[in-house]
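Coordinates in review
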Amino acid sequence: MNRLMIFLDAIRDHLDSYQLPPVASVDVNAWSSPITVQLDVDGLPEVSRALLVWSQTLEDVSARLWRLCDGKWVHLSISGRTPCGIPVLVFGVVRFEPSTFPALPAGAKQDMPVYLLRGWSTPGEVAA
C-alpha cells in the first residue's frame, strides 16, 4: 500500500473513532507529514476547547503559538501522533489580543504548555 493511502486510512479511522470538533480542511500529502487539520470554529474559547478535545485523542502532544506576520491573527496548534503512529498537526486561528498574548511579537512562533488551552477554553481567561 502506498504512503498516501496509509495516511488517508489513518485520518479517516481517527475521525470515525472519536467525536471531534468541526473541521474546515484536512491536508494529506504523500511527500510530507504531518497530516494537517484546520478547525472550523471561531474565537479563543472555542479553538482552545477544540484543540483540547483533539489532544485527548493523540499521543506525544505538544502545543505552539504563531502570530502571523500581519500581527492580526494567531495560529494555535497542537501536534501529536494518532494511536497508529501517524503525525498530525491540528490548528485554529484567533484574533490577536495583547492581553492574551502579551509577549508574542508579529511573526513569532513559540512553544507553549498544552494546559494553557484549558484556561483559554473559558471566556474571559488570559495568559498567566
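Each residue is numbered by its place in its chain's sequence as written, counting from 1. Per-residue local features are limited, in this predicted model, to residues with pLDDT of at least 70; the limit for side-chain atom pairs, both in listing and counting, is 80 or more; totals at the level of whole chains, interfaces and linings are taken over all residues. Heavy atoms from the whole structure form the basis of all side-chain values; hydrogens and water molecules are not counted.

1. As for the overall build of the protein
The way it works is that DSSP assigns letters per residue, a run of H or I at least four long becomes a helix, a run of E at least two long becomes a strand, and they are numbered from the N terminus. Counting its secondary structure elements, the protein contains three helices and six strands. Mapped in sequence order, the helices and strands of the protein form the string α-β-β-α-β-β-β-β-α. Summarising its shape, the C-alpha atoms of the protein cover approximately 50 × 30 × 25 Å along the three principal directions. Exposed residues in this analysis have more than 50% of their type's maximum accessible area, buried residues have under 20%, and partly exposed residues fall in between, with area computed by a 1.4 Å probe over protein chains only. Counting the 128 residues in the protein, one finds 40% classified as buried. Put simply, 55% of the contacts in the protein that link residues at least 6 apart link residues at least 24 apart. Accessible surface computed for the protein: about 7100 Å², of which carbon and sulfur atoms make up 53%. Between the averaged position of the 10 positive side-chain charges in the protein and that of its 13 negative side-chain charges there is a distance of 6 Å. By the convention used here, residues are in contact when the closest approach between their heavy atoms is within 4.5 Å. Per-residue accessibility takes into account occlusion by the displayed protein chains alone, with areas from the Shrake-Rupley method and a 1.4 Å probe. The convention is simple: Lys and Arg are positive, Asp and Glu are negative, and His and the chain ends are not counted. Charge coordinates come from a single atom per side chain, which is NZ of Lys, CZ of Arg, CG of Asp or CD of Glu.

2. Notes on the pattern of salt bridges
Any Lys or Arg side-chain nitrogen found within 4 Å of a carboxyl oxygen on Asp or Glu counts as a salt bridge. On inspection of all chains with the given rule, the structure shows four salt bridges. The residue Asp9 makes a salt bridge to Arg12 at a minimum N-O spacing of 3.2 Å. In this pair, Asp9 and Arg12 both sit in helix α1 (residues 3–17), three residues apart, roughly one turn of the helix. Classification of Arg12 as partly exposed rests on a relative accessible area of 43%. For Glu46, the salt bridge identified is with Arg49, shortest N-O distance 3.9 Å.

3. Overview of the sheet that holds strand β4 (residues 73–81)
Within a sheet, each strand pairs with its neighbour through backbone hydrogen bonds, oriented either parallel or antiparallel. When DSSP locates at least two bridges between a pair of strands, those strands are taken to pair. Ordered in space as β1-β2-β5-β4-β3-β6, the six strands form an open sheet in which the pairing is mixed. Strands with a single pairing partner mark the edges of an open sheet, and in this sheet they are β1 (23–27) and β6 (109–112). Across the sheet, the mean angle separating the axes of adjacent strands is 20 degrees when strand polarity is ignored. Relative to β6, strand β3 (residues 59–67) runs antiparallel, the two being bridged by four bridges. Residue Arg64 lies in a different strand from β6, and its bridge partner there is Asp111. Every angle, taken between N-to-C directions, lies between 0 and 180 degrees, and every axis is a line fitted to C-alpha atoms, over only the stretch in contact when it is a helix.

4. Remarks on the pairing of β3
The pairing of β3 with β4 spans seven bridges and is classified as antiparallel. What sits directly across from Leu65, in β4, is Leu76. Count of turn residues in the β3/β4 antiparallel hairpin: five residues, of which Gly71 carries a positive phi of about 80 degrees.

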